[in-house]
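# An overview of the molecular structure
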Amino acid sequence: MIDLTIADDVAHITLHAPAKLNALDEQALHGLDAAYAEAEAAGVRALVLRGEGRAFCAGRDISDVDPRDDDVIGFLGGVVTPLLQRMSRFPAPTFAIAHGACLGVGLGLLIATDVVYVAESAKIGSPFAALGATLDSGGHALFLDRLGAHRTLDLIYTGRLMTGTEAVASGLFSRVFPDDRVVQATTDAAAAAARGATAAFLASKQLVARIRDERLALWDSIDIENAAQAALCDTDDYREGFAAFQEKRKPEFRGV
């Protein structure tokens, strides 16, 4: 269900249930959490998340769910949210390949990833009105922040799905590619990141999270940037970057 391979300091995690569009039940979510834990323990310097088959992830697998005794708080608050938090705190740059359906929990997986490259034909939105349910896994926050209240509620009320091209044009995700190029573009970007200055990338990742979550003002954000830059001065990669610049050569970062 969840495949993990590691090569050249890059972890590749694949949702592998194409027959059900990689919809995730509780067992699969625990498996995904374990894959991230294993990749972290291995000390990888980048990670790529993708879905096998026609879709990235169609959300929660509800094929065997009885709504009369469904523990929604236990599932979302006890399983999904801790996974998304682990993903968002992963100590290396993370990339996701979004194609086909990217819905519900699947959308949440993308929200918790640093960089999302999207296929033109991706389908992103909130089709849950047909279930009498609402958007979860961070979807409201993403849509409201990037689209505003009117467009967010329009998507929710109508159930209309955005294409990958629309989603990137609206600022939801990073870049859009033709369907036959998105995998290579994402793996190339992850490989390049794995050769980069990992400590500096993590500093920026943490800065972005603090500025977003704490709603820091400009001068407060500059103060924490200054502190982060000072801390990086003690890293080997910082010194290597300066030496390479002064010697007019490409830097050889080791991630420390």
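For the structure, check the block above.
Read on for an overview of the structure. (Residues numbered from 1 in each chain as written. Predicted model: local features only at pLDDT ≥ 70, side-chain atom pairs only at ≥ 80, totals over all residues. Heavy atoms only, no water.)

The next point concerns the overall build of the protein chain. In terms of regular secondary structure, the protein chain is built from nine helices and nine strands. In terms of overall dimensions, the protein chain has a C-alpha envelope of 65 × 40 × 35 Å along the principal axes. Here the protein chain holds 256 residues, and the buried ones make up 41% of them. Accessible area of the protein chain: about 13400 Å², with a carbon and sulfur share of 54%. One way to put it: in the protein chain the 24 positive side-chain charges average out to a point 5 Å from where the 35 negative ones average out. (Helix = DSSP H or I, 4+ residues; strand = E, 2+ residues; numbered from the N terminus. Buried < 20%, exposed > 50% of the residue type's maximum accessible area, 1.4 Å probe, protein only. Areas by Shrake-Rupley, 256 points an atom, 1.4 Å probe, with all protein chains shown as cover. Lys, Arg positive; Asp, Glu negative; His and termini not counted. Charge placed at Lys NZ, Arg CZ, Asp CG, Glu CD.)

What follows covers the sheet that holds strand β5 (residues 101-103). In any sheet, the strands associate via hydrogen bonds between backbone groups, in a parallel or an antiparallel arrangement. Strand order in the open sheet formed by three strands is β5-β7-β8, with mixed pairing between adjacent strands. Both outer strands of the open sheet, β5 and β8 (161-163), are each paired with one neighbouring strand and no more. Shown here is a sheet whose adjacent strand axes are inclined to one another by a mean of 30 degrees, direction ignored. (Pairing = 2+ DSSP bridges. Axes fitted to C-alpha atoms, helices over the stretch in contact; angles between N-to-C directions.)

Here we take up the sheet that holds strand β6 (residues 115-119). In space, the six strands of this open sheet follow the order β1-β2-β3-β4-β6-β9, with mixed pairing throughout. Pairing within the sheet leaves two strands with one partner each, and these edge strands are β1 (2-7) and β9 (175-177). Pairwise comparison of adjacent strand axes, ignoring direction, gives a mean angle of 20 degrees for this sheet.

In this section: the pairing of strand β2 (residues 10-15). Across the six residues of β2, five count as buried, placing the element largely inside the fold. Where β1 lies against β2, six bridges are found, and the strand directions are antiparallel. Bridge pairing links I2 to L15 in β2. Here six bridges tie β2 to strand β3 (residues 46-51), and the two strands are oriented parallel to one another. Bridge pairing in β3 links V10 to A46.

A few words now on the side chain of T152. Relative to the helices and strands, T152 is located in helix α4 (residues 139-158). For T152, a relative accessible area of 4% translates into the label buried. Discounting chain neighbours no more than four positions away, the residues touching T152 are F143, L144 and L147. (Contact = heavy atoms within 4.5 Å.)

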